[in-house]
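Listed below, chain by chain, are the residues.
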Amino acid sequence: MTDKFDVKGDLENIFQFHLVLIICSIFFRGVLHLSNELAFTRHQGVNMFNVEFRLAAPLRWAMIGGGRGSQIGNIHRNAAQRYGLFNLVAGAFDVDAERCRDFGVAIGLDADRCYANYHEMFECEAQREDGIQAVSIATPNCFHYEMTKAALEHGLHVVCEKPITFTVAEAEELKALAEEKNLAICVTYGYTGHQILHQAREMVQRGEIGQVRVINTMYAHGWHNEEIEATSPGLKWRVTPAVAGPSYVLGDTGTHAQYLAEFVTGEKLKRLCCMRQSFIESRAPLEDNAHVMMEYESGAVGTMWSLLSTVVPCTPIKSVWSVLKPLLSGGMSS
Ligand SMILES: NC(=O)c1ccc[n+]([C@@H]2O[C@H](COP(=O)([O-])OP(=O)(O)OC[C@H]3O[C@@H](n4cnc5c(N)ncnc54)[C@H](O)[C@@H]3O)[C@@H](O)[C@H]2O)c1
């Protein structure tokens, strides 16, 4: 697949996948905006980096996925519980019920609140007076839609890993359901927690860099430059279309770069054109490299390079910087 251009064909899928990610960013922004009813006390003028707000009591919170050895589970637990706003009380952490229980108990949960699957967890927790109020979903991609929908139907706020769905229609359906039930859905784009991105966004909003004309982003690294998924279950599903969705590198890392671009500039994507490859041929039809040209609603244009498969002298942090540097130096301005 390395020599083929995907300007047609799968591009429709990819574009729709992008739209899902963009819709997520528009509709579900702000992990802490859980609901009006939750009564935050927040001091005027204090931003998220100097937290002074408290809930009446921490949210009783559960996780689906994120079990022992997973990539992102521990990050959710560390971040969510840092300020005492969430308290992990239950989990369906793992595909393996025994491992789930062993893991849950090891991190301090009651054994009877470590569930074999999320159906059982939602049913049992709903019977308890102290049952869960919110849930994080940190499983492989293909489960996000069904789990988010079930959680909303059980009256739970949801923090879901990206991508929340594979299609725009599914994302719209979840949005409508959350609104109907006055519940929040949040998608975790963790890089936006960096202070410098908020600084950059404020500079754009204040007009300090003038009109945004060109937005170039890059999230490129070489950690997967060999077929390492052959020996890693946590990577194998990422190159399996039925589990990962219609994209590998764009959905896994490019989405972060694109979200940052929109977060910082406030621009909204209008259309794109993509060339993508599977340098590791066994990954086809999913790509491990992509070059994307974009046009934004305002008329701004740009590019994104998303790569997992070649050793390059750059890291995710540098890729964040690639968004910021032109901004802070005025290079993106008119
Ligand atoms: N926001 C980010 O920066 C970021 C970073 C990494 C991963 N992610 C996302 O997080 C999700 C998980 O990725 P990961 O790398 O941690 O995956 P992983 O394969 O390392 O871990 C997945 C975990 O989910 C569990 N699991 C799988 N199916 C399950 C099911 N049906 N019910 C309960 N548990 C189940 C597994 O046992 C495992 O503990 C993916 O959607 C990925 O895109 C996001």
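Presented here is a report on the structure given in the accompanying data block. (Residues numbered from 1 in each chain as written. Predicted model: local features only at pLDDT ≥ 70, side-chain atom pairs only at ≥ 80, totals over all residues. Heavy atoms only, no water.)

## Quick notes on the side chain of arginine 77
Put simply, the rule is: Only DSSP runs of H or I reaching four residues or more are called helices, and only runs of E reaching two or more are called strands; each is numbered from the N terminus. Note on exposure labels: buried denotes an accessible area under 20% of the residue type's maximum, exposed denotes more than 50%, and partly exposed covers the range between, all computed with a 1.4 Å probe on protein chains only. His is not counted, nor are the chain ends; Lys and Arg add positive charge and Asp and Glu add negative charge. The working definition used for a salt bridge is a side-chain nitrogen of Lys or Arg within 4 Å of a carboxyl oxygen of Asp or Glu. By definition in these notes, contact holds between two residues if any of their heavy atoms fall within 4.5 Å.
Among the secondary structure elements, arginine 77 is positioned in helix α2 (residues 73–81). Buried charge without a partner: arginine 77 forms no salt bridge, and the closest opposite charge is aspartate 94, 9.4 Å away. Non-local contacts of arginine 77, meaning those with residues more than four positions away in its chain, are made with Trp61, Met63, Gly66, Leu88, Phe93, Phe103 and Ile107.

## Re the sheet that holds strand β6 (residues 214–220)
Note the threshold: DSSP-based pairing: two strands are paired if at least 2 bridges between them are found. An axis is simply a line fitted to the C-alpha atoms; with a helix, the fit covers only the stretch in contact. Between two such axes, the angle follows the N-to-C directions and lies from 0 to 180 degrees.
If you trace the 4 strands from one edge of the open sheet to the other, you get β6-β9-β8-β7, paired in mixed fashion. Only two strands of the sheet have a single partner each, and these edge strands are β6 and β7 (269–277). With strand direction ignored, the average angle separating the axes of adjacent strands in the sheet is 10°. Pairing analysis gives 7 bridges linking β6 to strand β9 (residues 301–307), with the strands arranged parallel. The residue of β9 that forms the bridge with alanine 220 is leucine 307. Its contacts with the sheet put helix α10 (residues 249–265) on β6, β7, β8 (289–296) and β9, and the angle it makes with β9 is roughly 145°.

## What about the site of the ligand?
The line we're drawing: For each residue, the test is whether any non-hydrogen atom lies within 4 Å of the molecule or strand; if one does, the residue is near. We define a polar contact as two N or O atoms separated by no more than 3.5 Å, with the added condition that, inside protein, one atom must be a possible hydrogen donor and the other a possible acceptor, whereas residues neighbouring each other in sequence contribute only through side-chain atom pairs. To measure how exposed things are, a 1.4 Å probe is used in the Shrake-Rupley method; for residues, cover is taken only from the protein chains shown. Lys, Arg, Asp and Glu make up the charged group, whereas Ala, Val, Leu, Ile, Met, Phe, Trp, Tyr, Cys and Pro make up the nonpolar group; the residues left over, Gly among them, are polar. For the purposes of this description, domain bounds are those given by an automatic or database domain assignment.
Taken together, 25 residues sit near the ligand, with Asn141, His144, Glu161, Trp237 and Arg238 positioned nearest. A distance of 3.1 Å separates a nitrogen atom of the ligand from a polar atom in the backbone of threonine 188. Its free accessible area being 860 Å², the ligand has 87% of it covered by the protein chains. Elements with a minimum of two residues in the shell around the ligand: β1 (59–65) and α5 (144–153). In terms of residue class, the shell around the ligand is made up of 10 nonpolar, 11 polar and 4 charged. There are two domains that each give the shell around the ligand at least three residues, and those are domain 1 (11–20 + 195–328) and domain 2 (32–187).

## Considerations on the sheet that holds strand β5 (residues 185–187)
The strand order across the open sheet built from 5 strands is β2-β1-β3-β4-β5, with neighbouring strands paired in parallel fashion. Either end of the sheet is taken by a strand with one partner, and the two such strands are β2 (86–92) and β5. Strand after strand, the sheet turns through a mean of 25° between neighbouring axes, direction not considered. Here β1 runs beside β2; their pairing, made up of 6 bridges, is parallel. What sits directly across from alanine 62, in β2, is alanine 90.

## Some remarks on the pairing of β2
What counts here: Orient the strands so they point away from the viewer; a crossover is then right-handed if the path from the first strand over the helix to the second runs clockwise.
Counting buried residues along β2, 6 of its 7 residues qualify, which places the element largely inside the surrounding structure. Where the polypeptide runs from β1 across α2 and back to β2, its parallel neighbour, the crossover connection is right-handed.

## Some words on the environment of leucine 307
Note on placement: leucine 307 falls in strand β9. Once the C-alpha coordinates of leucine 307 and asparagine 289 are considered, the two residues, 18 residues apart in sequence, prove to be 4.4 Å apart.

## Here's the deal with the environment of threonine 240
One can find threonine 240 in the loop between α8 (233–236) and α9 (241–244). What threonine 240 contacts, discounting residues up to four positions off in sequence, is Gly245 and Leu286. A polar contact is formed between the side chain of threonine 240 and the backbone oxygen of lysine 236, at a distance of 2.8 Å.

## Describing the pattern of salt bridges
Applying the stated criterion across every chain yields a total of 17 salt bridges. Between arginine 113 and aspartate 130 there is a salt bridge; the shortest N-O distance is 3.6 Å. With arginine 113 in the loop between α3 (97–106) and α4 (118–126) and aspartate 130 in the loop between α4 and β3 (134–138), this residue pair connects regions lying 17 residues apart in the sequence. A residue is classified by how much of its surface remains accessible, and aspartate 130, at 33% relative accessible area, is partly exposed. As a salt-bridge pair, glutamate 262 and lysine 268 come within 3.8 Å of each other at their nearest N and O atoms. Residue classification places lysine 268 among the partly exposed residues on the basis of a relative accessible area of 22%.

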